[in-house]
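Examining the three-dimensional arrangement
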Amino acid sequence: MEINVNNLYEKLENYSRSDHYGFHMPGHKRNKNTTGAGLPYEIDITEIEGFDDLHHAKGMLKQAQERAAKIFHGEETCFLVNGSTVGILSAILGCTNRGDRILMARNCHKSVYHAVYMNELEAEYVYPSLCTQKKSYDLCSIGTDSSPLDTYTQGKSYNSYSHGMDGSQLRLNGEIRPEEIRDILERDRLGSGYDGTRSGYQISGMNEEAVGEDRTASMIERERIRAVVITSPTYDGVVSDVEKIAGIVHSYGIPLIVDEAHGAHFGFHPYFPENANTRGADVVIHSIHKTLPSLTQTALIHMNGELADRENIKKYLHILQTSSPSYVLMAGIDACIDWLCSEKKDILFEQYVDMLKETRKQLKKMSHLQIVETEHFDHSKIVISVSGTKYSGRELYRLLLDQYHLQMEMAAGDYVLAMTSVGDTKEGFQRLVQALEEIDSKLDEENHSFFSMERKNPDQPSMGIKAEEDCPEKGKIESMRQKSAGLPRLEQVFTSAGIEYIAKDNKEKIRILPWESCAGYISMEYAYLYPPGIPLVVPGERISEEVMLLIREYHDMGFEINGLIKDGYINVYLPR
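Our subject in this report is the structure included herewith. In this text, all values refer to a predicted model and were calculated from it rather than measured experimentally.

Turning our attention to the side chain of H28. Among the structural elements, H28 can be located in the loop between α1 (8–16) and α2 (60–71). Among the polar contacts made by the side chain of H28, one reaches the main-chain amide nitrogen of R30 at a distance of 2.9 Å.

Moving on: helix α7 (residues 242–251). Taken together, the buried positions of α7 are occupied by V242, I245, A246, I248 and V249. Viewed end-on, α7 has its buried residues packed into an arc of 165°, placing them on one side of the element. Here the buried face of α7 lies against α5 (178–190), β7 (225–231) and β8 (256–259). Directly beyond the C-terminal end of α7, a positive phi value near 75° is found at G253.

Right, let's get into the sheet that holds strand β1 (residues 76–80). Taken in spatial order, the seven strands make up an open sheet running β1-β10-β9-β8-β7-β2-β3, and their pairing is mixed. Two strands lie at the open edges of the sheet, namely β1 and β3 (122–126), each paired on one side alone. Taken over all neighbouring pairs, the strand axes of this sheet differ in orientation by 20° on average, direction set aside. Of the pairings in the sheet, the one linking β7 to β8 comprises four bridges and is parallel in character. Within the sheet, the bridge partner assigned to I230 lies in β8 and is V258.

Here strand β11 (residues 370–373) shows a buried face lined by Q370 and V372 and a second buried face lined by I371 and E373. Where β11 and strand β12 (residues 381–385) come together, three bridges link them in antiparallel fashion. Its bridge partner being in β12, V372 is matched across the sheet by V383.

Let's shift gears to unusual backbone geometry. Glycine aside, residues mostly have negative phi angles, and peptide bonds mostly take the trans form. Cis geometry is adopted by the peptide bond preceding P26, which originates at M25 and carries an omega value of 0°. With respect to the element layout, P26 can be found in the loop between α1 and α2. With an omega of -5°, the peptide bond between Y530 and P531 qualifies as cis. Structurally, P531 is set in the loop between β17 (527–529) and β18 (535–537). Although it is not a glycine, H405 sits at a positive phi angle of roughly 55°. Relative to the helices and strands, H405 resides in the loop between α12 (393–404) and β13 (410–411).

Rules of the game
The residue count restarts for each chain, going from 1 along the sequence in the order it is written. Only residues with pLDDT of at least 70 get local features here, since the model is predicted, and only at 80 or more are side-chain atom pairs given and counted; chain-wide, interface and lining totals rely on the full set of residues. Hydrogens and waters are ignored; side-chain quantities use all the structure's heavy atoms. Only DSSP runs of H or I reaching four residues or more are called helices, and only runs of E reaching two or more are called strands; each is numbered from the N terminus. Pairs of N or O atoms within 3.5 Å make up the polar contacts considered here, provided that, within protein, one atom can donate a hydrogen while the other can accept it, and that residues adjacent in sequence are counted only when both atoms are side-chain atoms. Each residue gets one of three labels from its accessible area relative to the maximum for its type: buried under 20%, exposed over 50%, partly exposed in between, using a 1.4 Å probe on protein chains only. Picture the helix axis, draw a direction to every C-beta atom, and the arc is the one those directions span. The contact rule is simple, with two residues in contact once any of their heavy atoms fall within 4.5 Å. Strand pairing follows a simple DSSP-based rule, namely that at least 2 bridges must link the two strands. Axis angles are defined between N-to-C directions and span 0 to 180 degrees, where every axis is a line fitted to C-alpha atoms and, for a helix, only to the segment in contact.

Take it as geometry only, folks, not as evidence of what the structure does.
Take a look at the structure:
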């Protein structure tokens, strides 16, 4: 493919050296001397003559988006300067009407839940399978060495955070099973007639006792599911069978939206899966800043086929995306696309994959820390399990940061995640391997158990871990070490938008309660860890003791619980 000889960045550079003086926004007037900061003021412009307009692209930006569609195998592509979030919001709002029903993976990013809220949708959940770590010679093996590879075998969709208590296993949210999507859509097809239990705000099928006097008088026909949303790959690198899921979804005449934010690099080397555009998805969202050489906040939305309402999606892009799109960010997208069209891309991807394979091969030799993956996996993600060691995921994260100056992407209860990309260097990979090997070498068999570890100095805790004698809630802390995956199935009593309407008319039933007192009540707030931004609790769901224990334990391990107005408390609705 031919490289764009007059890309946006080059044009901005040329313009900055010209004698054009701007009596227009932005206020810095391309004058570096005003603040003295070394920011790219000289190429930061607004929609001026000759530079097109993203919201009504007819010239160079139109051509740039067409070039992006071609390289990513999409039929139509739009630049996003508000991140993948604005693409996800626009895709869902554009494919549904207010009050519709939507089928979504429970491990979707919070932006999917926000779209559900904005369009007052009723969400039906499909839960990811649960993967269990095992030593295996015959599953998911990569490379040519004969050493056992830590892999995950997939079980049925899991409905709790219950894990093995011996510290021997790590469990991870797995793939979305196509057959479960088929079952839900088929039940929806057969049961989409009149539903006497449903009110405008109440989730279909919930009993009257749960709603009490708040149940509205109106009885309406139950809507069919109008769209399906999944995340593939997940934050941890798990890849679902998009092609099979798309075939099933299309047989019911509805669109499949794939949040492929973490898979923008898919399809550019055989080591990685093909992207969802080539697998039948109707709408695909890519965060090119996550795994490709582009600037933070840059992303793409691709639209294919006729099932997704493209014009409606673009209408919401115009509404939700800034009316002053950054030309610096758009230049970053265009430069990334140009690079993907070049021969240099092939050379660098080959070098990157070679380094990645060697890194994974070396890390498989560790005795205590373990590199893990699933059967269908994005190998750019390096997931290091601490199961069976004295560390929690957060402690390993802090050790790598504080002692080795290696910033990981994310820590979970019992693993850390390192994100890699074509921008990584050999030195960077070597530093990661050396650090993990050194940490692993210091872990001996006697210290595998979290609670068998003794302090050499009784006045100084080891790695911030409580010794057994200081742990009155030993069982709770041990269970936390295994709770990095599995999403609790909470009862959906109201939609996330509906609970707000009901609360406005019943303010006397709203309370802000400490976590230990919330079980049994209906949440008015989200509760999630960020990253990865997957809600543990969604407004309108009945809070269980299990999820509150989980939230408390994450908090005690040093994780910040996001989405709550007040730390340690949740706003709840008391139905009776």
